[in-house]
Every structure is written in C-alpha cells, then in structure tokens.
Amino acid sequence: MPPKQIALEEWDRLYDQLKATGLSEPSYGGKISRHLTDGDLRLTKLRFDNSIAALNLWNFLLTEEERLANARAEGKKLVGTMKDLGTVPVLAYSLPDLVAFYPDGAWWIPCVMELSAGLLGIADSLGIDESFCPVRAMLGAFVTEAHFPLPDLLTCSVGATCDDFSAIAQRLNGLGNPILWWEIPHRRKPAENERAVVLPGGMTAPGIQVDFVESELERIKKALESLAGQPLSDDMLRDGIARANAIRQRLSELRSLVFKAPVCPLPALELLIAEMLALHYCSDRDASLQVISDLLIETRARVDQGEGFLDAEAARIFWVNPVADLRVMNLVEDCGARICGTEHLFTHALDEIPTDVPPMRALAQMALADPMVGTAADRADRICSDITEFGAEALVLSRIPGASHCALEGGAIADIVAARLDLPVIEIEVAPLNDAYWPSLGTGLRALVETIRQRRGK
Amino acid sequence: MIYGGIDAGSRTIKAVIIDGDSTEIIASGITDQGVKQDSLAEALFNDIAGSDRGKIKRIVATGYGRDALPMADTTITEITCHAHGVHHLAPHARTVIDIGGQDSKVLRLQNDGRVRDFAMNDRCAAGTGRFLEIVADRLGIELDSLGEAAGNATAPSSISTMCVVFAETEIIGLLAAGESPENIVAGVQQSIVGRIATMGGRQIMDPVIFTGGVAMVSGMPEALSSAVGHAVTVVPHPQLTGALGAALLAVDSSDH
C-alpha cells in the first residue's frame, strides 16, 4: 500500500477491505473509529497513516484504559508513576504482576475527547486552574475514575521537576491519594575535585548526586517489592533494563530513519505517539515492543522503496516539546514541513540505559539525565547536536500553556540555538484545543516554511 | 506587465498594483473588511485598476483572509510579504514591527531582506490596533485624535498588558476614579508598545521599520521607539507594505 494520510472514514473503508483479505490483528485490534464511542471525538479531525502498523499503534494507544481495567480485574497491582518519565516503569515491569502507567498521560484527554470529559473543569473546581499545565487534567481523572482505576501505589518525583506539576501532585495528595515521593536534585556539573559520572546522553553529574538518586530509587524499589510480594533481584532488573533498551533501540532506529530519510516515511503524528511508548509502554511492555517493531519494519520498507509523504523539498523542522493538541502534527505537514528531530522533554528515556554498571546505579544515572532536572543550556546543547545530526533547517519551540519548563526555558533555548546554528527559531503556544488560534498557528508555520525556502535560495 | 498584491487583513483589505519592470506602484487602495471579503477584494481591485484590470498578469494574496480570495493566483503569508515590501522601501531594514488591526508581529531580517525569524502575538488583541479602537470608542475620542490626546497626558495611566477585556474594565475604573482621558490614552499606547517590546525580546536590531495601520496613529512611533529602545522609522503608506510585498512576490514568482 503506498503511504498516505487518511481520515477516519477512509480508515474504516480500508479496514473492511483488509479484513476481507484476511487481516490478522492483535487482541486490541478493530476499527479506529470504534473509539469514538468512548468519546474520543478528536479522532474525526485527525489524519492517520494508512499502514497496518499505524492501525495497531492507534488501537494500542486508545485501548490503554481497557488494559488497565483488565489488569485490575486480573488481580495485578497498578503503579501510578508520576513525573519521572521513564524510570520507575523500568523497575515496576521488572517484577511480575505489576503494571505501571502514567496518570500524567491524562493531559491529552481534553484534546482527544474535546473537553467532553470535563476533566479540566474538575481541576478548576479544585483550585488548579488554567494557569497550570494541562497535566492538571489528571486531577479530574482521579476524581471521576473514568479513565484508569485508582492505583495501588502512587509515586512522584519532586525536587528539580516542574513547579506546576509538583503543585498538582500535592493537590492530588491532599484529596486523599497517598503518594510515595522521591527526590531528584537539580543536576549540576561536577566541581573540580568531585568524582564525575558520565550520564546517558553524554552529560556529567557529580557522583554524590548519582549516589543520592540511587538511594531514592532504592526506596521506590522496596515499595514495589512490597507491592509485588517478592524481592527484585539484580538479574530481574537487568532483564527489565534489557527489555526497556530493546524498545529504546528500535525507537532510536525509527527516529533516525524518519528524520534522515530523503522523503519523510512516517507522519509526525504517528511518530509522536510512538515516542511516548518509550515512557509508559501503554501498560503492556511486550506489546509495546511489538508495535514499535512493526512500525520500524513498515518505515524501513518505505525508506528502501523511496516512498513517503510530502516531497524531498519539504522544510525540515526540529520540534521542541510535545503538543497538547494532536492536530498540530497534521498541520505541520499541511504547511509543507516535516519533523526532522524532536526534544519532548524526555530524551533520557530515549537513550539506552547503561548496562556496564549495577542496574540500580544505571537507573539513577538515567534519571539524572532527565532534561527537566538540568539547565536550559543542557537542553539546548542536546538540541543543537541533534539538529546537526538530523539536518533540520529551523526550530519550533512549542509552549504548553502553564507548563513552567516551557515558559522559562523557551527563550533561553531559542537564543542559544539561533546564535550557535544561525537557524530561524519561532515560538508557538499549543493549548489542548486550538481551534480559535488555528489560522494564527497555520500562518506562523507556513511563514517558517517560506523562510526556510528563501534561505535555501540564498 | 502589471502585477497585483492584496492583503486581506482582519480589519481592512489593502491592494497594490505595480509595474513589473520598474516595480513602481501604479495604483493602491484600502477598503474595510467585511463578511464577503472576496467580493470586497474584487471590487477594490476593479476600482483601483480600472481599465487595466484585465491586464494584471498575476495576483498574490496575503493576510488573515488570503485563502478566501479566488481571484489570487497564489497565497503567501503576511510575514514574507511584509518583509519583502519593507525591504523594497527600506533596503537596510533589519527589524520590522507591524501592528495591525487584530494582530502584531516582529520580523528580523537578514542583510538581503529575507526573513531571519519572527514572533507573532498568538493570543490576545492587547498588542494590536483593536485596543486603540476600543479605548477611542470608550473615551469618545476619534481614532485620529488619540495621538494628540496622548500628547497632552501628564502622567500616563498604568494599564494591564495581559488582556484587552480586562484592560477595558481597568479603563472604566480609571474613569470612575477621575483619571483624565489623556492619561488613559497614553497608558494604552504604552501598554501596546510594551507588549510589542516583550514580543521582540532582546533581538531587535537597527534600523527598525514600523508598519501597519497603527503606525499612522500619532504618538505611536514615539511610544514604540521609547519601548524598544531603538529609533523607529515609519515607511510611506505603512498600511500597504504587505500588499506591496505580495505584488513584488507576484512579479518574482511569475515567468516575467
């Protein structure tokens, strides 16, 4: 099937054709449109990749709530991990019958359900209004219990994490949800006489900070062991890390293929969804690996055949921060651009976890490599390096309304990238629903594409 | 050969016709925006082109309503068109500040006039001409007289830069407290240019060109200059730079 982006109705017709010719599906398969009955209204306004791999990706994503409900019914223990983005799930999935998920992921529900679930309204009523990050939707999800069962254990990293998220999590705690807090310090460069540790991604941190984070993670490990009713051995954790790394390796290959191919082989929207799987596995680590592997096979085949979307002249944009409104990923392509590099605030979860040190030490090093616990300059360094590697021609800094990292770091990153690479940089703001700002967003992105084309002609 | 540019803004439609060889402006015009903007634009073009209407080889549309004009051969964003128009009129310009009816933008240009990067207001009308219209209406002062009123201010009021709706409430409160209309007008002007200065950040480079309808409101260029800390020049017919840029790009993109 030649690659094409199609609307939901077209996917329904294609699905019928595929079924008639013997489509083999995973347990979560079916028409994407069936999720409309769950209230996922935004699906009618998105364009989807027409591959079977993409069909499975979407169905996998949109059935997570069912998986969590089934896990609870099967007697598995649910771990709600908050804020750490990629660390605690590696620990949790290394133990049998523990299922970890990110309640933070509820931040997309207002977009996908077009506010119909009322989660932001509930957060408002709890005093967490629109001056906070859309992650506040999580509060509403805890109140309604309509999107995930209440976890058996809730963990949350605090310290050098988002101020607004800390406030939201504290409000959640105040509502009667016990939280096991663990601290992540602000990553600093080692002093001259300090023992330095190289972290995934190439940054360094003082050994004393790694020691501290490791001790914090030991507390989390004990709580998880208690929940699972059995100890977590180093061998079990090594196996968990190996499985996490398998997903990260495939994702890294997928990103590299997509960003470097002469013609864009996978739409920005599907890649964004796939990147998120590195964090949370959509509550099924093995299925997550399968979904990404299939997507990688499809993408590699397209690259080999020179097939894809847009044309080879499409403007190459590096994108910083995930968008709260998924439609914006389609809009980028409507404007004649493709995504060639991303930094969604969790690059540490895309890099492989070290395997040459004891496993708890490795997790601590990975956690300290989190872009959100370091400086904006650290983020800019990584962004500059990736822009160069992927050949991006411009940078879009997408702000999330209320998210303190976006508000505080965007300007600093813009200045560093513009000065170091002499690239056009624009900042935009993407709220959960952007209908009112759609023309303005489109104009900004189109103007950036025009700017890139003019620069090529100089 | 003659070429046309049309800038369908949120408040007005502007049109320019130029000679493709000399790039001189042959005709130009402005009309208020309305529901049927395609008809309004067509009528404006017919009016300014007269008997030459059929001779226009190519038309480029820009502005908020650019995609709703079937008469245009192609569309280009107002960012690119303003940069092109300003570079034509002021070749050394490095920064363009455009304050229109309902939006505003800051463009940084390279030496050759191409866009380096830009910033746009993407939320509220607080940094736009709409704010001036609201205050003029509220204070019963003609738009053209705002500059004169601001010039008579003794102590400009402090007005919110966050939201026009809140700012209007503030103005009502200030009037009730006995504040002079002159001080309020000056405060609103400072509020608008303050927002623009924030949007432009630390990257504003000389020479700075001020375009858009708000550039014609007396007192605004001085207020803007003070806010951004650079001398500001208003080009002739600052409302037309987008349409002019569109016409110039019509020439560039044709097989002329």
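**Focus: the overall build of chain B**
Turning to step 1, where the next piece is worked out: Within chain B one finds eight helices and ten strands.
Turning to step 2, where the next piece is worked out: Here the C-alpha atoms of chain B give a radius of gyration of 19 Å, agreeing with the 18 Å that 2.2 N^0.38 yields for 256 residues.
Turning to step 3, where the next piece is worked out: With the C-alpha coordinates of chain B rotated into their principal frame, the extents come out at 60 × 40 × 30 Å.
Turning to step 4, where the next piece is worked out: Taking all 256 residues of chain B together, the buried fraction comes to 52%.
Turning to step 5, where the next piece is worked out: Long-range pairs, those at least 24 residues apart, make up 69% of the contacts in chain B with a sequence separation of at least 6.

**Digging into the overall build of chain A**
Turning to step 1, where the next piece is worked out: Looking only at helices and strands, chain A features 17 helices and twelve strands.
Turning to step 2, where the next piece is worked out: Taking the principal axes of its C-alpha atoms as reference, chain A extends roughly 55 × 55 × 45 Å.
Turning to step 3, where the next piece is worked out: Looking at chain A residue by residue over its 458 residues, the buried ones come to 53%.
Turning to step 4, where the next piece is worked out: Sequence separation of at least 24 residues holds for 75% of the intrachain contacts in chain A that already meet a minimum separation of 6.

**A look at the interface of chain B and chain A**
Turning to step 1, where the next piece is worked out: At the interface, 16 residues of chain B touch 20 residues of chain A.
Turning to step 2, where the next piece is worked out: Across the side of chain B that touches chain A, the residue classes tally to seven nonpolar, three polar and six charged.

**Quick word on the pairing of strand S12 (residues 425-429) of chain A**
All names here are of chain A.
Turning to step 1, where the next piece is worked out: In terms of residue burial, S12 counts as a mostly covered element, since five of its five residues are buried.
Turning to step 2, where the next piece is worked out: Where burial is concerned, the two faces of S12 agree: the one with Val425, Glu427 and Glu429 and the one with Ile426 and Ile428 are both buried.
Turning to step 3, where the next piece is worked out: Alignment of strand S11 (residues 394-399) against S12, held across five bridges, turns out to be parallel. Looking at S12, one finds that Ser398 is bridged to Ile428.

**Things to note about the nonpolar core**
Turning to step 1, where the next piece is worked out: Ranked by internal contacts, the top residues of the largest apolar core, which has 201 residues, are Leu57, Ala137, Ile317, Val332, Leu395 and Val396 of chain A together with Leu224 of chain B.
Turning to step 2, where the next piece is worked out: Here this core gets nine residues from one element, more than from any other, and that element is helix H11 (residues 268-280) of chain A.
Turning to step 3, where the next piece is worked out: Residues from two domains meet in this core; each of domain 1 (1-90 + 239-256) and domain 2 (93-234) of chain B gives at least three.
Turning to step 4, where the next piece is worked out: Apart from residues lying up to four places away in sequence, Val396 of chain A is in contact with Ile317, Trp319, Val320, Ile426, Ile428 and Leu448 of chain A.

**Structural notes on the sheet that holds strand S6 (residues 180-184) of chain A**
All names here are of chain A.
Turning to step 1, where the next piece is worked out: Here we have four strands laid out as an open sheet, ordered S4-S3-S5-S6, and parallel in their pairing. Sheet topology places strand S4 (98-101) and S6 at the edges, where each strand pairs with a single neighbour. Shown here is a sheet whose adjacent strand axes are inclined to one another by a mean of 25°, direction ignored.
Turning to step 2, where the next piece is worked out: As paired elements, strand S3 (residues 77-82) and strand S5 (residues 153-159) share four bridges and run parallel to each other.

**Comments concerning the domain arrangement of chain B**
All names here are of chain B.
Turning to step 1, where the next piece is worked out: On domain assignment, one finds that chain B holds domain 1 (1-90 + 239-256) and domain 2 (93-234).
Turning to step 2, where the next piece is worked out: Its C-alpha centre places domain 1 at a distance of 26 Å from the equivalent point of domain 2.
Turning to step 3, where the next piece is worked out: Counting residues at the interface gives 13 residues for domain 1 and 22 residues for domain 2.
Turning to step 4, where the next piece is worked out: A total of six residues in the side of domain 1 that touches domain 2 trace back to one element, the largest contributor, which is helix H2 (residues 78-89).
Turning to step 5, where the next piece is worked out: Taken together, the residues that form the side of domain 1 that touches domain 2 break down as four nonpolar, eight polar and one charged.

**Quick word on the sheet that holds strand S10 (residues 337-343) of chain A**
All names here are of chain A.
Turning to step 1, where the next piece is worked out: Spatially, the four strands line up as an open sheet ordered S10-S9-S11-S12, and their pairing is parallel. Bordering the open sheet on either side are S10 and S12, each of which pairs with just one other strand. Neighbour-to-neighbour, the strand axes of this sheet turn through a mean angle of 30°, independent of strand direction.
Turning to step 2, where the next piece is worked out: Here helix H17 (residues 438-456) sits on the sheet and contacts strand S9 (315-320), S10, S11 and S12; the angle it forms with S12, its principal contact strand, is near 170°.

**Description of the environment of Trp108 of chain A**
Residue and element names in this part refer to chain A.
Turning to step 1, where the next piece is worked out: Mapped onto the elements, Trp108 comes out in the loop between S4 and helix H5 (109-112).
Turning to step 2, where the next piece is worked out: Among the residues examined, Trp108 registers 22 C-beta atoms within 10 Å and is labelled buried.
Turning to step 3, where the next piece is worked out: The sequence separation of Trp108 and Leu326 amounts to 218 residues, and the corresponding C-alpha distance is 8.4 Å.

**Considering the confidence of the model for chain B**
Turning to step 1, where the next piece is worked out: Taken as a whole, chain B shows an average pLDDT of 90; of its residues, 97% reach a score of 70 or greater.
Turning to step 2, where the next piece is worked out: Predicted as a complex, the structure gets a pTM of 0.92 and an ipTM equal to 0.89.

**A short note on helix H10 (residues 234-260) of chain A**
Residue and element names in this part refer to chain A.
Turning to step 1, where the next piece is worked out: Taking 1.5 Å per residue, 27 residues should reach 39 Å; H10 reaches 37 Å between its end C-alpha atoms and fits that length.
Turning to step 2, where the next piece is worked out: Leu237, Gly240, Ile241, Ala244, Ile247, Arg248, Arg250, Leu251, Leu254, Arg255, Val258 and Phe259 are the residues of H10 that are buried.
Turning to step 3, where the next piece is worked out: Lining the buried residues of H10 we find helix H4 (88-92), H11, helix H12 (285-305), S10, helix H14 (359-368) and helix H15 (376-390).

**Some remarks on the packing of H10 of chain A against H11 of chain A**
Residue and element names in this part refer to chain A.
Turning to step 1, where the next piece is worked out: Relative orientation of the contacting elements H10 and H11 amounts to 155°, with a least axis distance of 9 Å. One way to sum up the angle between H10 and H11 is to call them roughly antiparallel. Every pair of crossing elements has a handedness; the one defined by H10 and H11 is left-handed. Contacts from Ile247, Arg248, Leu251, Leu254 and Val258 of H10 reach H11 at Leu271, Ala274, Glu275, Leu277 and Ala278.
Turning to step 2, where the next piece is worked out: Broken down by class, the residue content of the contact of H10 with H11 amounts to eight nonpolar, no polar and two charged.

**Overview of the packing of H10 of chain A against H12 of chain A**
In a pair of packed helices, the angle between the axes and the distance between the axes together describe the arrangement.
Residue and element names in this part refer to chain A.
Turning to step 1, where the next piece is worked out: Axis separation between H10 and H12 bottoms out at 9 Å; the angle between their running directions is 25°. Classed by the angle they form, the pair H10 and H12 counts as roughly parallel. Handedness of the crossing formed by H10 with H12: left-handed. Within the contact between the two elements, H10 uses Arg243, Ala246, Ile247, Arg250, Leu251, Glu253, Leu254, Leu257 and Val258 and H12 uses Arg285, Ser288, Leu289, Ile292, Ser293, Leu295, Leu296, Thr299, Arg300 and Val303.
Turning to step 2, where the next piece is worked out: Along the lines of polarity and charge, the residues of the contact of H10 with H12 split into eleven nonpolar, three polar and five charged.

**Topic: the pairing of strand S2 (residues 12-19) of chain B**
Residue and element names in this part refer to chain B.
Turning to step 1, where the next piece is worked out: By the criterion of burial, S2 is predominantly enclosed, with seven of the eight residues buried.
Turning to step 2, where the next piece is worked out: Across seven bridges, the pairing between strand S1 (residues 2-8) and S2 is antiparallel. Of the residues in S2, the one forming a bridge with Asp7 is Lys14.
Turning to step 3, where the next piece is worked out: Connecting the antiparallel pair S1 and S2 is a turn made up of three residues.
Turning to step 4, where the next piece is worked out: Examined bridge by bridge, S2 and strand S3 (residues 25-32) share seven bridges and lie antiparallel to one another. Residue pairing in the sheet places Ala15 in a bridge with Gly29 of S3.

**What to know about unusual backbone geometry**
Turning to step 1, where the next piece is worked out: Cis rather than trans, the peptide bond between Asp206 of chain B and Pro207 of chain B has omega equal to -10°.
Turning to step 2, where the next piece is worked out: Secondary-structure assignment places Pro207 of chain B in the loop between helix H6 (181-200) and strand S9 (208-211).
Turning to step 3, where the next piece is worked out: Phi is positive for Leu85 of chain A, close to 55°, though the residue is something other than glycine.
Turning to step 4, where the next piece is worked out: Mapped onto the fold, Leu85 of chain A is located in the loop between S3 and H4.
Turning to step 5, where the next piece is worked out: Overall, Leu85 of chain A belongs to the buried group, with 26 C-beta atoms counted inside 10 Å.

How each quantity is defined
- Residues numbered from 1 in each chain as written.
- Chains lettered and ligands numbered in written order.
- Predicted model: local features only at pLDDT ≥ 70, side-chain atom pairs only at ≥ 80, totals over all residues.
- Helix = DSSP H or I, 4+ residues; strand = E, 2+ residues; numbered from the N terminus.
- Rg over C-alpha atoms; globule rule 2.2 N^0.38 Å.
- Buried ≥ 20, exposed ≤ 12 C-beta atoms within 10 Å, placed from the backbone.
- Contact = placed C-beta atoms within 7 Å.
- Nonpolar A, V, L, I, M, F, W, Y, C, P; charged D, E, K, R; others polar.
- Pairing = 2+ DSSP bridges.
- Core = buried A, V, L, I, M, F, W, Y, C linked by C-beta atoms within 7 Å.
- Domains from an automatic or database assignment.
- Axes fitted to C-alpha atoms, helices over the stretch in contact; angles between N-to-C directions.
- pLDDT = per-residue confidence, 0-100.
- Expected span 1.5 Å × (residues − 1).
- Parallel < 35°, antiparallel > 145°, perpendicular 65-115°, else oblique.
- Left-handed = near helix turned anticlockwise from the far one by under 90°.

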